[in-house]
2 protein chains.
Amino acid sequence: MEQQKKTTTVRKRSVPHSDANVSQRTYRLKINNTLRAVYVVGTKLKINLGSCAPLQSKFFSVKCTPNVQCQVFSQVQAGKSLSSPQPLGRDTVLLISMGAASLQPNDSKLSVRFYGDKSEILGNALLHLTAVEISLDVDADRDGIVEKNNPNKASWKWGPNGHGAILLVNCDSESSYYKKVDSESEEITKVADLKDMSKMILRTSGPPVLPEGYKLSLHISQTDAERVRVFRARSTKQAEASLKSIFLGLFQKEYPLVLNTKQLANEVPYQGGKSDLVFYVEGLHFPDKDFDGLLTINLSLLEPFAEGFPETPIFTDKVMFRVAPWIMTPNTLKPLEVFVCSTSDNHEFLKGIKQLVQKSGLKLKICHEYMNRGDRWMQDELEFGYIDSPHHAFPVVLDSPRNGDLDNFPYDVLLGPDFGYVTRYASRIEVSSLDSFGNLEVSPPVTVNGKNYPFGRIIIGVAFPTTEDGRNMTKVVQDFLWAQKVQEPIALYSDWLVVGHVDEFMSFVPAPDRKGFRLLLASPDAAYKVFRTLQNKGHGDAKMFPGTEEEVSVDMILSDKEFQTENGYVQSCIDWNRDLLKKELGLEDEDIIDLPVLFKVISEKNRAVAFYPDMVNMIVLGKNLGIPKPFGPQVNGKCALETETCSLLEPLGLNCSFIDDFTSYHKLLGEVHCGSNVRRKPFEFKWWNLEL
Amino acid sequence: MEQQKKTTTVRKRSVPHSDANVSQRTYRLKINNTLRAVYVVGTKLKINLGSCAPLQSKFFSVKCTPNVQCQVFSQVQAGKSLSSPQPLGRDTVLLISMGAASLQPNDSKLSVRFYGDKSEILGNALLHLTAVEISLDVDADRDGIVEKNNPNKASWKWGPNGHGAILLVNCDSESSYYKKVDSESEEITKVADLKDMSKMILRTSGPPVLPEGYKLSLHISQTDAERVRVFRARSTKQAEASLKSIFLGLFQKEYPLVLNTKQLANEVPYQGGKSDLVFYVEGLHFPDKDFDGLLTINLSLLEPFAEGFPETPIFTDKVMFRVAPWIMTPNTLKPLEVFVCSTSDNHEFLKGIKQLVQKSGLKLKICHEYMNRGDRWMQDELEFGYIDSPHHAFPVVLDSPRNGDLDNFPYDVLLGPDFGYVTRYASRIEVSSLDSFGNLEVSPPVTVNGKNYPFGRIIIGVAFPTTEDGRNMTKVVQDFLWAQKVQEPIALYSDWLVVGHVDEFMSFVPAPDRKGFRLLLASPDAAYKVFRTLQNKGHGDAKMFPGTEEEVSVDMILSDKEFQTENGYVQSCIDWNRDLLKKELGLEDEDIIDLPVLFKVISEKNRAVAFYPDMVNMIVLGKNLGIPKPFGPQVNGKCALETETCSLLEPLGLNCSFIDDFTSYHKLLGEVHCGSNVRRKPFEFKWWNLEL
């Protein structure tokens, strides 16, 4: 190798070139010594010749092997070749770089000779160099493939022209029996679990081994360690083999844990030659109040100094991940599965739902009594959503802190392979009826004053902030919802209702025109108009709830002044929400349909419940609506309230089915929507393409 | 008043005007009823005539008093006047606004008449209106004056063209005796305390009283309540009077507490006519990990419905504050006060410091032994900074969790009127030597790759992230520093030192050229060069520490190979920091001066201390530097190390004074900088003018 040494062509400049993107490392030569250094391709070694030269040095010359590039910066203008002695200034600097990885350790050389006044040699300094290529790689361009050394891999930018890798919270369970959420386990027990993680590749190129004492170390901050875990595939070939033979103990050895809260830094093997070391990065926590979703993983090359001294990280490569947010699905998305409870008394309801679901070409999933223990409020216990990344996506159920008798359903039944689970814990004293997820909805996509919400906006109900003793959705859930960022929530006023859920006065249905949907609002005013019209047309004696104890005529309803006052109050509460929804969703009155619904004020605190089945509390399955059957006044054998509702919704191409939920839901202060849940197809639009 | 009623000129449009900035309120008329409404100037009432009209109505007419503006929107094109019957459509909408506040309740009127097919009158609806002007005002344009209804008052924008009001943490103490931090008290006990708060004014205009049941309510969120408190001046006149007569009990009644964590909403008086209600807003917490510094205060007008029903907020005005960050002051800022400790053994040091401080025209503040209890490390116990707002500014000391015997000094001595105090608490087990504030410095202003840091960047020292058992600055302090945002911190590697402070190897001095400063770095390499030059010139027998036990010659130092290896290691540690500082501060080698300092490695863990007084650990008072006297080899009656250091610094116009800290500081592992502290003049530049 020594024979290959030859004079380099060296670029000379009088002012140091300041390239902010190139990492420069200060390096010092030792006179009459041979030093050994590992160099990382893409960086520069900066050697101040003036400071390391023997005293009285006036000139210097440089030789190096062909793969070493050497630039000289000096205040003194120099000649063309550096093999002949050059004037040495106090600020003379060598910038060393190498274009390719070394084949053997120390296979590249640089020597500097220093001369005195009369060209007498004052000393030599020799440097043996080993060049390695190191790149910690992720899918920063979001195409599902881990590209090589993306220049933007260490940062996040939203939008279609953005960049930054994505991490899923590994919140599903690869086991369906004796299951637990995968991220709660410190080990990988099934191959299938790997696809819930993000691949990260350490690409290295260099000699078969690193010079003695050099090491690679993967490391994370203490804060990030609480949110991410890193596994390693022992080797690419072994990993592939293990995909076939899954023997648990052996398998865990194939995917050793590298980083977690107990191990913030860990040595990773340098494999030699050109090789890829594959890691699997596991997200542990969703964005929340104290976590913006961003995580950084670092890979450093450590240089030894001497026994007992800490190793110095001489090069660090970084990658950034953003944890995918939990995303809700509005009524305008295609339904996939419908969930209801079967109880001893809801046969009629189930029959109606079954017909509707069959008509819609969907499968009905029934939660039986041994599981629901009589708790029929399928809407309230959970909310379906999903998480998405370029490499994988799956549905995730958000379990409400409500915790009724349906409490075990989300975990015991829904959680499973590629079906995630997340919840937030609140103390029992904090939880109110407003924590049920009939009080958690999401609008279809909207544009508000030029700002796009392609995933719509989350809608929850709370008390007026000016009320001292109001009920609210618990803070941990609100914090979680706000932290997801992509569906910025709107807080409505729902505390005026006994139950207090937004789905008691609003819903969204698809529409072929305008914004692609209509907001449906319950409206006592619209109901009174129907009743007055009936009276006006001579149907004042038509009866609601015919044949029941509650039977009441149109005339009787219209003559009840107190009832009218109560409904005036309810209308003012709904109008308040109407004005806020118009503002926050950018709606006009033409985007809103008022459905005729009457309420009554029952509680000590003057809170309201629906007087007859609350038609706005419907299930929306594409164009098929399952609406609570209102049992309104019969005119010509038809229910006048159904007729009115159909006349409002059918022009939009919607099909209205009225489902009898009177005894089994309405009487218990809920309706069709409260008693059902729908898992829907995720958005086509990708959340990382949002411009936030 | 009835007589004044006249036909209005009404603008007619076929499409509703969508003005996103105007708050619209849905309002419903009642046929054959007189309703009363309070209207807030600047908003609109939207009345859907179609929905409130009697059945069979085909036409309508509108009359209103002159101060009421009424627009009609209808799908039907209408004529010029609305006093004659107009065609009524399903979507006919009235938009009501009023240009000025009412003089009396219900002094404005609007009446709508509905007609049938043949112009027969079907019904009338009457609305009595009371207009009020309401504006919750702050100094959103940051000129020190609370302007009226700034359109940007509800948001924050950084920069000279930005907006948003500013709040100080009320962290000083108006009392100098029996003191506590003012924000820990739930009451205002001194007039002077008001100037530490931000003024907020509720400006109202309207009738002498509001119609019955209407109220004004000031309110904040639960989260914000932990960070802000609001007081009210009982009335402008009374407040002025109380400025003169300060009788404590009376005074507290003059400034009642309106909002805190126990009271999230509170009624505030409507004073009638044109009046200002003054509030004082008190910041309680600095920005931190879980607090971005932004706070919102809301003012709502509440409308009564009926006894027992919650009042409805029909109008809400919002203002936003940002809590001023804690800002550090670099060495390049003008010194104001110098602090040192007096101990039984530091007479020489004190003499040197006194001379330097006198020469600089400053006052020296000495902490005496009864207070310091022998703890001389004035640098380590505290860091001086300040907080700034358009209305007020004062210095704030950050008390280190180090808690040596000097622990009480920041609170007992510094805290006082217009001198704030802040600290962060860590458990004793978390606190290490790296939590002393010799390990917390700040650079002068820099520009890095085009990004401006007009307040410089905070610099702390930690362990390499790749080290398992390294020491770090405790997380609560790091979180605090990062959260201030305006001086984005840089974490250097200082764990290689026994004491572990960044001030052991770096400092900044002012310079007339380049970036206005030089970074000084301790350099064993530079020191060896001095010693080799001495040997070369025949001064090999010149002695360091002459006449002491430690006396050692230049030859002896140069012949100690192990010592040379140790210093090689130290140089590599400092070089690592040098490279990081160059990158993170945008420096070139020409911005850095290497001061000759040697270290020795002493501890079990191979950590380093300065071998002779560490000249980089200096005090910087403008152009006057107080440098630890190195006791280097004497050549021609002069210390060669002093000569070298002077030759490096004097060309920048700096004056070097060498202070003897050998026995009283250096031997205890600290130097001049460790034993002193300087309070400096705040930046002229205002932090809110930063472009972040």
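Residues numbered from 1 in each chain as written. Chains lettered and ligands numbered in written order. Predicted model: local features only at pLDDT ≥ 70, side-chain atom pairs only at ≥ 80, totals over all residues. Heavy atoms only, no water.

Under an unreviewed UniProt entry, the name given to chain A is Protein-arginine deiminase, and the organism recorded is Ictalurus punctatus. Chain A has a UniProt comment under Function (unreviewed entry) that states "Catalyzes the deimination of arginine residues of proteins." (UniProt positions renumbered as here; feature names shortened; annotations may be inferred.)

*Asks:* Describe in detail the overall build of chain A, supporting the description with residues and values.
*Replies:* A count of helical and extended segments in chain A gives 13 helices and 43 strands. Since a compact globule built from 692 residues should have a radius of gyration of about 26 Å, the 35 Å found for chain A marks it as more spread out than a globular shape. In terms of its C-alpha atoms, chain A occupies a principal-axis envelope of roughly 125 × 55 × 45 Å. Burial analysis of chain A (692 residues in total) assigns 59% to the buried set. Pairs at least 24 residues apart make up 75% of the contacts formed inside chain A by residues separated by at least 6 positions. Total accessible area on chain A is roughly 27,500 Å²; 50% of this is exposed by carbon and sulfur atoms. Charge centroids of chain A, computed over 79 positive and 87 negative side chains, lie 12 Å from each other. (Helix = DSSP H or I, 4+ residues; strand = E, 2+ residues; numbered from the N terminus. Rg over C-alpha atoms; globule rule 2.2 N^0.38 Å. Buried < 20%, exposed > 50% of the residue type's maximum accessible area, 1.4 Å probe, protein only. Contact = heavy atoms within 4.5 Å. Areas by Shrake-Rupley, 256 points an atom, 1.4 Å probe, with all protein chains shown as cover. Lys, Arg positive; Asp, Glu negative; His and termini not counted. Charge placed at Lys NZ, Arg CZ, Asp CG, Glu CD.)

*Asks:* Give me the lowdown on the pairing of strand 24 (residues 393–399) of chain A, citing residues and values where you can.
*Replies:* Residues and elements named next belong to chain A. Buried residues dominate strand 24, accounting for 6 of its 7 residues. Of the pairings in the sheet, the one linking strand 23 (residues 382–388) to strand 24 comprises 7 bridges and is antiparallel in character. When the sheet's bridge partners are listed, Glu-383 is paired in strand 24 with Leu-398. Between strand 23 and strand 24, which pair antiparallel and follow one another directly, the connecting turn spans 4 residues. Pairing geometry for strand 24 and strand 25 (residues 420–423), over 4 bridges, is parallel. Across the sheet, Val-396 pairs through a bridge with Gly-420, a residue of strand 25. One crossover worth recording links strand 24 to the parallel strand 25 by way of helix 8 (residues 409–414), and it is right-handed. (Pairing = 2+ DSSP bridges. Right-handed = clockwise from strand over helix to strand, strands pointing away.)

*Asks:* If you had to explain helix 12 (residues 561–585) of chain B to someone new, which residues and values would you point to?
*Replies:* Residue and element names in this part refer to chain B. In this model, helix 12 (25 residues) spans 35 Å end to end at C-alpha, consistent with the 36 Å of a helix rising 1.5 Å per residue. The N-cap of helix 12, judged by a side-chain oxygen 3.2 Å from the amide nitrogen of Glu-562 a few residues on, is Asp-560. Looking one or two residues beyond helix 12, the residue adopting positive phi is Gly-586, at roughly 65°. (Expected span 1.5 Å × (residues − 1). Polar contact = N/O pair within 3.5 Å; in protein donor to acceptor, adjacent residues only side chain to side chain.)

*Asks:* Tell me about the packing of helix 10 (residues 524–536) of chain B against helix 13 (residues 640–649) of chain B, residues and numbers included.
*Replies:* Residues and elements named next belong to chain B. One can describe the packing of helix 10 onto helix 13 by two numbers: an axis separation of 11 Å at closest approach and a directional angle of 120°. Comparing their axes, helix 13 and helix 10 come out oblique. In this structure, helix 10 crosses over helix 13, and the sense of that crossing is right-handed. On helix 13, the residues that touch Val-530, Phe-531 and Leu-534 of helix 10 are Ala-640, Leu-641 and Glu-644. (Axes fitted to C-alpha atoms, helices over the stretch in contact; angles between N-to-C directions. Parallel < 35°, antiparallel > 145°, perpendicular 65-115°, else oblique. Left-handed = near helix turned anticlockwise from the far one by under 90°.)

*Asks:* Summarise the relation of the copies chain A and chain B; cite the residues concerned and give the values.
*Replies:* Superposing chain A onto chain B requires a rotation of 180° together with a translation of 0.0 Å along the rotation axis, leaving an RMSD of 0.0 Å. Look at the turn and shift together and you get a two-fold axis relating the two. Residue Asp290(A) of chain A places its C-alpha closer to the rotation axis than any other residue of that unit, at 2.9 Å. (Least-squares fit on C-alpha atoms with pLDDT ≥ 70 in both.)

*Asks:* Can you break down the interface of chain A and chain B residue by residue, with the values?
*Replies:* Listed per partner, the contact involves 60 residues of chain A and 60 residues of chain B. When the buried surface of chain A facing chain B is broken down by residue, Arg28(A), Leu55(A) and Thr466(A) rank first, second and third, together holding 12% of it. Our count for the chain A to chain B interface comes out at 16 residue pairs in polar contact (both at pLDDT 80 or more). For the side of chain A that touches chain B, the elements supplying multiple residues, two or more each, are strand 2 (24–27), helix 1 (49–52), strand 13 (215–219), helix 2 (222–225), strand 18 (294–303), strand 19 (312–323), helix 10 (524–536) and helix 12 (561–585) of chain A. (Buried area = accessible area lost by both parts, 1.4 Å probe.)

*Asks:* Give me the environment of Lys215(A): which residues, what numbers.
*Replies:* All names here are of chain A. Examined against the element boundaries, Lys-215 turns out to sit in strand 13. With 52 residues separating them along the chain, Lys-215 and Glu-267 place their C-alpha atoms 6.8 Å apart. Apart from the residues lying within four places of it in its own chain, the contact partners of Lys-215 are Leu-210, Glu-267, Ser-300, Leu-301, Leu-302 and Glu-311. Polar contacts involving the side chain of Lys-215 include one to the side chain of Glu-311, which spans 2.8 Å.

*Asks:* Break down a negative patch on the surface for me, citing the residues and quoting the values.
*Replies:* On the surface, a cluster of negative charge is made up of Glu226(A), Asp290(A), Glu226(B) and Asp290(B). With respect to the helices and strands, Asp290(B) occurs in the loop between strand 17 (273–283) and strand 18 (294–303). (Patch = residues over 30% accessible without salt bridge, like charges linked within 9 Å, V, L, I, M, F, W, Y side chains within 5 Å. Salt bridge = Lys/Arg side-chain N within 4 Å of Asp/Glu carboxyl O.)

*Asks:* Go over the side chain of Ser61(A), please, and point to the residues and values.
*Replies:* All names here are of chain A. Here Ser-61 lies in strand 5 (residues 59–64). According to the relative accessible area criterion, Ser-61 is buried, its value standing at 7%. Polar side-chain contacts of Ser-61 include one of 2.7 Å to the side chain of Tyr-115. Excluding anything up to four places from it in sequence, Ser-61 contacts Leu-82, Ser-83, Ser-84, Pro-85, Ser-111, Val-112, Arg-113 and Tyr-115.

*Asks:* Break down the packing of aromatic side chains for me, with residues and values.
*Replies:* Tallied over the entire structure, the rule returns 58 aromatic pairs over all chains. Judged by centre distance (5.5 Å) and plane angle (65°), the ring pair of Phe455(B) and Phe685(B) falls under edge-to-face. Of the two residues, Phe455(B) sits in the loop between strand 28 (451–453) and strand 29 (458–462) while Phe685(B) sits in the segment after strand 43 (676–680), which places them 230 residues apart along the sequence. Among the aromatic residues, those joined into a cluster by ring pairs are Phe545(A), Phe563(A), Phe611(A), Tyr612(A), Phe631(A) and Phe662(A). Here Arg376(A) stacks its cationic end above the ring of Tyr665(A), 5.8 Å away from the centre of that ring. Between the NZ or CZ atom of Lys629(B) and the centre of the ring of Phe631(B), over which it lies, the distance is 5.8 Å. (Phe/Tyr/Trp six-rings, centres within 6.5 Å; stacked < 30°, edge-to-face > 60°. Lys NZ or Arg CZ within 6 Å of the ring centre and 35° of its normal.)

*Asks:* An account of the sheet that holds strand 43 (residues 676–680) of chain A is requested, with residue identities and associated values reported.
*Replies:* All names here are of chain A. The strand order 22-21-43 describes an open sheet built from 3 strands, whose pairing is mixed. A single partner strand is all that each edge strand has here, and the edge strands are strand 22 (363–367) and strand 43. For this sheet, the mean inter-axis angle between neighbouring strands, taken without regard to orientation, is 25°. When strand 21 (residues 335–341) meets strand 22, the two strands line up parallel, connected through 5 bridges. Of the residues in strand 22, the one forming a bridge with Phe-339 is Lys-365. Here helix 5 (residues 347–359) sits on the sheet and contacts strand 21 and strand 22; the angle it forms with strand 22, its principal contact strand, is near 155°.

*Asks:* Describe the packing of helix 10 of chain B against helix 12 of chain B, and please don't skip the residues or the numbers.
*Replies:* Residues and elements named next belong to chain B. Orientation of helix 10 relative to helix 12, taken along the N-to-C sense of each, is 140°, at an axis distance of 8 Å. Between helix 10 and helix 12, the angle is such that the two are oblique. Together, Pro-524, Asp-525, Tyr-528 and Arg-532 of helix 10 and Phe-563, Gln-564, Asn-567, Val-570, Gln-571 and Ile-574 of helix 12 make up the contact between the two elements. Classifying every residue of the contact of helix 10 with helix 12 by side-chain character gives 5 nonpolar, 3 polar and 2 charged. (Nonpolar A, V, L, I, M, F, W, Y, C, P; charged D, E, K, R; others polar.)

*Asks:* Give a detailed account of helix 10 of chain B, specifying residues and quantitative values.
*Replies:* If you check helix 10 of chain B, its first and last C-alpha atoms are 18 Å apart, about what 13 residues at 1.5 Å a residue would give, namely 18 Å. At the C-terminal side of helix 10 of chain B, Gly538(B) shows a positive phi close to 85°.

*Asks:* Lay out the pattern of salt bridges with the relevant residues and their values.
*Replies:* Evaluated as defined, the whole model comprises 78 salt bridges over all chains. Here Lys681(A) and Glu684(A) are joined by a salt bridge, their closest N and O atoms 3.1 Å apart. Residue Asp495(B) is joined to Arg607(B) by a salt bridge in which the shortest nitrogen-to-oxygen separation is 3.2 Å. Here Asp495(B) is found in the loop between strand 30 (490–493) and strand 31 (506–510), whereas its partner Arg607(B) is found in the loop between strand 36 (599–601) and strand 37 (608–610), with 112 residues between them in sequence.

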